[in-house]
Amino acid sequence: MATPLEKWVNEQSKLAKPDKIYWCDGSIKEARRLIEIGMKEEKISGNPVFQELNQKSWPNAYFHRSHPTDVARTEHLTYVCHPDKDVAGPNNNWMEPSEAKKMMAKLSDGCMKGKTMYVLPYMMGHPDSPYAKACVQLTDVSYVAISMRIMTRMSKKAVDRIGNSDDFFKGFHSVRDFDPNKRFIMHFPDERLVWSIGSGYGGNALLGKKCFSLRIASWLGYQEGWLAEHMVILGIEDPQGKVTYVAAAMPSACGKTNLAMLESVLPGYKVWTIGDDIAWLNAGPDGKLYAINPEAGLFGVARGTSMKTNPNMMRTLKADKFYPTLFTNTALNTNTNEPWWDGIDGSIPKNLIDWQGNPWDASKNSKAAHANSRFTVSIYNSPTLSKEFDNPRGVPISAIILGGKRTHLIPLVTEAFDWQHGVFLGARTGSETTAAAMHKEGVLRRDPMAMLPFCGYNMGDYFKHWLGMGKKLKHPPKIYSVNWFRTDDNGDFIWPGFGDNIRVLKWIIDRVNGNVGANQTPIGMIPDIKDLALGGLDIPKEKIEKLFEINSCEWKEELQDIEKFITQFGKHTPPEIWQEYDKLSKKL
Ligand code: GTP
Ligand code: SPV
Ligand code: MN
């Protein structure tokens, strides 16, 4: 008798009509074979799916060039199909589920003809974790199969865990012909199903990531009493060897990966990495909040990554471990066969070809590497990997940090008065858009808890759920807002960022551990400058003060925009959010 899993795979193959079906086991041998297939047999717009890079300087690294229209997440083509539109909320595109399925079935009919259908069984979370979920994705391109193998725990253990049950997350993915007019990423939360057509790009195609671990998981968490968040998880070790764990939400391309692998400029402090993008947060039996990272890899922004900004990531990318490392849409140095991007160490090489494969002409003002070019690398390659990474229970979180990219207004760091105020602080967060999704860069939008594109249900209900989580915890973490991106009158960043962010993290753990005081302002508690470890920093005092300036005129404008945003959620917005709004408005 076929298992529900086998039945499902069989039904999907009848629809997609692949030439072959290949069940992946996640083994090392298989990764080698899939890379070979990607180098020799499969093609995307005439290019091989993988190209071997210089194995001496970049061991185990391969280059991938995507279809030119397929370089970032497409939020306008992403839908959450609850039966009731109101459940999806104004923060999601919505389509009636049966209508969506009809459309997707039509687009999927015969979409894998002449291709192999890869069946990818994987776990999100450590297989021994009570919080882990068993998943299966189908795909028709080796790039996605290899990427999923790097990003997740892919193995037969997932098939064993599913056994005879129907309780697994289902992902159907096909790049079809990459037609941007036939590209859709559809979520069916009640069926734990994601159906994605027409894109091979990261969050559109690696369905374990944003689609399942955030959009569907946030909905599961809402029903079951836990949180799925767009957050990094890290441990901060102090000179006495005590490790304090924090989780931090920041919108796409706003600094999570860099924070997760930070190399401290303060002697005696060290950051340990647990995750760089997604956290699942559960209330533990001791009343603390526990975090696991459901992923096992890093899908990071190449631009700006160097030995100066993120040395631990450069070491991770060059680590000579088995797991293959992928570079997508970077430029290529044809002399050395090495990847290149803006901000990487060294001078600009002479013989670059751009991310689309054309010789690059520096005078033509085009970018050699795509602004959203990325690498995909196993987290086990990281020299900063925490020894708690595989702990099935996760780590206890002492502070939650909520960030965004704001060139004005928002202070370097603010502490919330309490949990409810912290939820408001997250709800009101705005951030300037980045190249991680297909839209104009640098436009301010509200992005509560960095979840606007990833919350799989009505965001008003999401705020309610956050408030409820706080009540459930006997020891709720303290909540902070941070902003590394405030600029001076010349438009330059005031704060050096990167390794210097440890100075802010130190203040946060000093607060959490009751070692320092703080000053009260209308928007929250801010540090006394004397309590910040600023030794060795060459920034004039006025500029540091500017990082904490609260301009009430600008804040009044901000309040109007916040009100407009929150009003959208109507009766779904909990009264506590409006209470906090009123308090702030009165204080200003
Ligand atoms: P996603 O993978 O899209 O979720 O992005 P992310 O939040 O992990 O962002 P990441 O750490 O990759 O950083 C994105 C960009 O911001 C990169 O170009 C970094 O170099 C830059 N960046 C990161 N941290 C800082 C910082 O502290 N200051 C400044 N000025 N730039 C930073
Ligand atoms: C993001 O955009 O937040 C990313 C990359 O982390 S993606 O996998 O495309 O979501
Ligand atoms: Mn992300």
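Residues numbered from 1 in each chain as written. Chains lettered and ligands numbered in written order. Predicted model: local features only at pLDDT ≥ 70, side-chain atom pairs only at ≥ 80, totals over all residues. Heavy atoms only, no water.

### Things to note about the site of ligand 2
Part 1 of the argument: Taken together, 13 residues surround ligand 2, and among them Arg73, Tyr201, Gly203, Lys210 and Ser252 come closest.
Part 2 of the argument: Between an oxygen atom of ligand 2 and a side-chain N or O atom of Lys210, the distance comes to 2.7 Å.
Part 3 of the argument: Within the side chain of His230, an N or O atom sits 3.3 Å from an oxygen atom of ligand 2.
Part 4 of the argument: Protein chains bury 98% of the 280 Å² of accessible surface belonging to ligand 2 in isolation.
Part 5 of the argument: Placement of ligand 2 is best described as lying within the largest pocket. (Near = heavy atom within 4 Å. Polar contact = N/O pair within 3.5 Å; in protein donor to acceptor, adjacent residues only side chain to side chain. Areas by Shrake-Rupley, 256 points an atom, 1.4 Å probe, with all protein chains shown as cover. 1 Å grid on protein atoms, 1.4 Å probe; cavity = no way out; pocket = protein on both sides within 12 Å on 5 of 7 lines; lining within 4 Å. Sits in = over half its atoms within 2 Å of the grid points.)

### A short note on the domain arrangement of the protein
It is common to report an interface's size as the accessible area lost on association of the parts.
Part 1 of the argument: Taken domain by domain, the protein consists of domain 1 (4-44 + 70-225), domain 2 (228-296 + 387-587) and domain 3 (299-381).
Part 2 of the argument: Once you take the C-alpha centre of each, domain 2 and domain 3 turn out to be 29 Å apart.
Part 3 of the argument: Across the contact, 17 residues belong to domain 2 and 15 residues belong to domain 3.
Part 4 of the argument: Buried area between domain 2 and domain 3, summed over both chains or domains, comes out near 1,300 Å², and the portion from carbon and sulfur atoms is 54%.
Part 5 of the argument: Of all residues in domain 2, the largest losses of buried area upon contact with domain 3 belong to Met261, Glu263 and Ala296, amounting jointly to 37% of the total for that side.
Part 6 of the argument: The shortest N-O distance in the salt bridge between Arg303 and Glu441 comes to 3.4 Å.
Part 7 of the argument: Across the contact surface, domain 2 and domain 3 share six residue pairs in polar contact (both at pLDDT 80 or more). (Domains from an automatic or database assignment. Contact = heavy atoms within 4.5 Å. Buried area = accessible area lost by both parts, 1.4 Å probe. Salt bridge = Lys/Arg side-chain N within 4 Å of Asp/Glu carboxyl O.)

### A word on the environment of Val482
Part 1 of the argument: Tracing the backbone shows Val482 in strand β30 (residues 478-482).
Part 2 of the argument: With relative accessibility at 3%, the residue Val482 sits in the buried group.
Part 3 of the argument: What Val482 contacts, discounting residues up to four positions off in sequence, is Met250, Ile401, Leu402, Gly403, Gly404, Pro411, Leu412, Val413, Val504 and Ile508. (Helix = DSSP H or I, 4+ residues; strand = E, 2+ residues; numbered from the N terminus. Buried < 20%, exposed > 50% of the residue type's maximum accessible area, 1.4 Å probe, protein only.)

### What about the side chain of Thr325?
Part 1 of the argument: Here Thr325 is to be found in strand β20 (residues 325-328).
Part 2 of the argument: The exposure class assigned to Thr325 is buried, which follows from its relative accessible area of 0%.
Part 3 of the argument: Once residues within four sequence positions are removed from consideration, Thr325 is found in contact with Asn60, Ala61, Tyr62, Leu317, Thr376, Val377 and Asn381.

### Some details on the site of ligand 1
Part 1 of the argument: Around ligand 1, the structure places 21 residues, and the nearest of them are Ala253, Lys256, Asn258, Arg303 and Arg374.
Part 2 of the argument: In this structure, an oxygen atom belonging to ligand 1 sits 2.8 Å away from a side-chain N or O atom of Arg374.
Part 3 of the argument: Protein burial of ligand 1: of its 650 Å² of free accessible surface, 92% is covered by the chains.
Part 4 of the argument: If you map ligand 1 onto the pockets, it falls in the largest pocket.
Part 5 of the argument: Contributing elements (two or more residues each) for the shell around ligand 1: α9 (256-260) and β19 (297-301).
Part 6 of the argument: Of the residues forming the shell around ligand 1, the biggest block, three residues, is contributed by α9.

### Observations regarding the environment of Asp286
Part 1 of the argument: As for its placement among the helices and strands, Asp286 is situated in the loop between β17 (279-283) and β18 (289-292).
Part 2 of the argument: Relative accessible area serves as the criterion here: at 32%, Asp286 is assigned to the partly exposed category.
Part 3 of the argument: Separated by 189 residues in the primary sequence, Asp286 and His475 have C-alpha atoms spaced 8.3 Å apart.
Part 4 of the argument: Side-chain polar atoms of Asp286 contact the side chain of Tyr290, separated by 2.7 Å.

### Focus on the pairing of strand β26 (residues 399-403)
Part 1 of the argument: With five of its five residues buried, β26 lies for the most part within the structure.
Part 2 of the argument: Relative to β26, strand β15 (residues 243-249) runs parallel, the two being bridged by four bridges. Directly across from Ala247, in β26, lies its bridge partner Ile400. (Pairing = 2+ DSSP bridges.)

### Re unusual backbone geometry
Part 1 of the argument: At Ala450, a position not held by glycine, the phi torsion is positive, near 60°.
Part 2 of the argument: Here Ala450 lies in the loop between β29 (444-446) and α12 (459-472).
Part 3 of the argument: One non-glycine residue with positive phi stands out, namely Phe498, at about 50°.
Part 4 of the argument: Relative to the elements of secondary structure, Phe498 occurs in the loop between β30 and α13 (502-512).
Part 5 of the argument: Phe498 sits in the partly exposed class, given a relative accessible area of 35%.

### Observations concerning the coordination of the manganese ion (ligand 3)
Part 1 of the argument: Looking at the metal site, the manganese ion (ligand 3) is ligated by Lys210 (NZ), His230 (NE2) and Asp277 (OD), spaced 2.1 to 2.6 Å from it.
Part 2 of the argument: Coordination geometry of the manganese ion (ligand 3): the six donor atoms subtend angles of 65 to 169° at the metal centre, consistent with an arrangement described as irregular.
Part 3 of the argument: Coordination of the manganese ion (ligand 3) draws on donor residues from a single chain, spaced K-x19-H-x46-D in sequence. Linking Lys210 in helix α8 (residues 208-224) with Asp277 in the loop between β16 (270-275) and β17, this pair joins segments that are 67 residues apart in sequence. Assigned by exposure class, Lys210 and Asp277 land together as buried. (Donors = N, O, S within 2.8 Å, 3.2 Å for Na, K, Ca; no water. Tetrahedral: all angles 85-135°; square planar, octahedral: opposite > 155°, others 65-115°.)

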